[in-house]
Amino acid sequence: MYKYYKKDDYNIMEYNFDSITEFLEYIDNTPINDEVYGNSTLESEKNGYDFFETNSFEEAENLCRYGYHENFDKLLSLKIMLEKHLKMSPKKNKQYNYYVGYAPNVKAYLEGNPLSMFNRENPKREHIDIYYNAANLSEVSTEQIFNRGAITLSIVEILENMNFSVGLNIFTMSESSGQIHYVKLNLKRSGERLNIQKLFFPLCHPSFFRRLVFRLMEETPDITSNWAYGYGTTCDDYTIRKVINLSEKDIVICRPEEMGVHGYDIIDDANSMFDYVNQFTDDKINFDHIKNEQEIERIFKKTYK
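Scope of this entry: the structure provided in the associated data block.

Calculation notes
Residues numbered from 1 in each chain as written. Predicted model: local features only at pLDDT ≥ 70, side-chain atom pairs only at ≥ 80, totals over all residues. Heavy atoms only, no water. Buried < 20%, exposed > 50% of the residue type's maximum accessible area, 1.4 Å probe, protein only. Helix = DSSP H or I, 4+ residues; strand = E, 2+ residues; numbered from the N terminus. Pairing = 2+ DSSP bridges. Core = buried A, V, L, I, M, F, W, Y, C linked by side-chain atoms within 4.5 Å. Contact = heavy atoms within 4.5 Å. Polar contact = N/O pair within 3.5 Å; in protein donor to acceptor, adjacent residues only side chain to side chain.

**Considering the pairing of strand β2 (residues 10-17)**
Among the eight residues that make up β2, six are buried, leaving the element largely enclosed by the rest of the structure. Here strand β1 (residues 2-7) pairs with β2 via six bridges, running antiparallel. Looking at β2, one finds that K3 is bridged to E14. Adjacent in sequence and paired antiparallel, β1 and β2 are bridged by two residues, among which D8 carries a positive phi angle near 55 degrees. By the bridge criterion, seven bridges tie β2 to strand β8 (residues 179-185) in an arrangement that is parallel. Note that in β8 the partner of M13 across the bridge is H181.

**What about the nonpolar core?**
F23, F208 and L212 are the most contacted members of the largest nonpolar core, which totals 84 residues. Top element by residues in this core is helix α7 (residues 142-161). It accounts for eight residues. With residues near it in sequence (within four places) discarded, F23 still touches F17, L185, F208, L212, V213 and L216.

**Quick notes on the environment of D129**
Tracing the backbone shows D129 in strand β6 (residues 127-133). Classification of D129 as partly exposed rests on a relative accessible area of 22%. Put simply, D129 and L168 are 39 residues apart on the chain and 6.2 Å apart in space, counted from C-alpha to C-alpha. Residues in contact with D129, not counting those within four places in the same chain, are G167, N169, D250 and I251. For D129, the side chain forms a polar contact with the side chain of H127, separated by 3.0 Å.

So, in structure tokens, the structure goes:
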């Protein structure tokens, strides 16, 4: 579950959790590293609703364990809008004649052709890996966090509906003074359909990282005093690829500012993320820009406030 090792120029503190339940049980039953955090107020327990969007560590833990439903209508509105206005061509099954199949080819049968049944060739299901860093810098707004997470969930579901196999790898990765705090969360297994309600809190709510992962940092045995107040810096795209050994075709959902997500306009943020994602798709997916039509904006912003 936890290991500490050196890789290239970094000392890596790596956790691996198979579920949210395992993650929460671990942070509930592991002592605080008093050597580093014993003389300071724990960031995971501080007040400040604007920063955390929760009033306490316990509230954040309950939302993670039992589900976060507030603002869920925003996500559903976004998904509906994207599905209507993203122009993507679904893969079609190629039809051919064969000895067996799903329907008879009457013409071929009357002509005495032994290949008298229609059959379909299932297209190869292409696989796309998306790596989502749920860590964020202190100056990142709650709107940026929500937009980045909601757009990612929408992209994954749309791709799956197009018969792509999507691996959504959720983690947090932060760095301070040559140490990297890396938490892998197995919340969507390969081939498993997307459960947006299960993933909504980890991807879209600031308290997942700012309270729950902060608590894990406060418990980490090998963490140094450099983390005591700043809690590290969110790793960029380059560092993530280097640490995890990703290929150039793997998609990294990294810091909002790297992807052009500013949190002011969901449509602008979506277009920026599509441009970013399209760098890695090798023209497999044609993400056309959403049209800023007045009626579409009116329908969407009715719930997105």
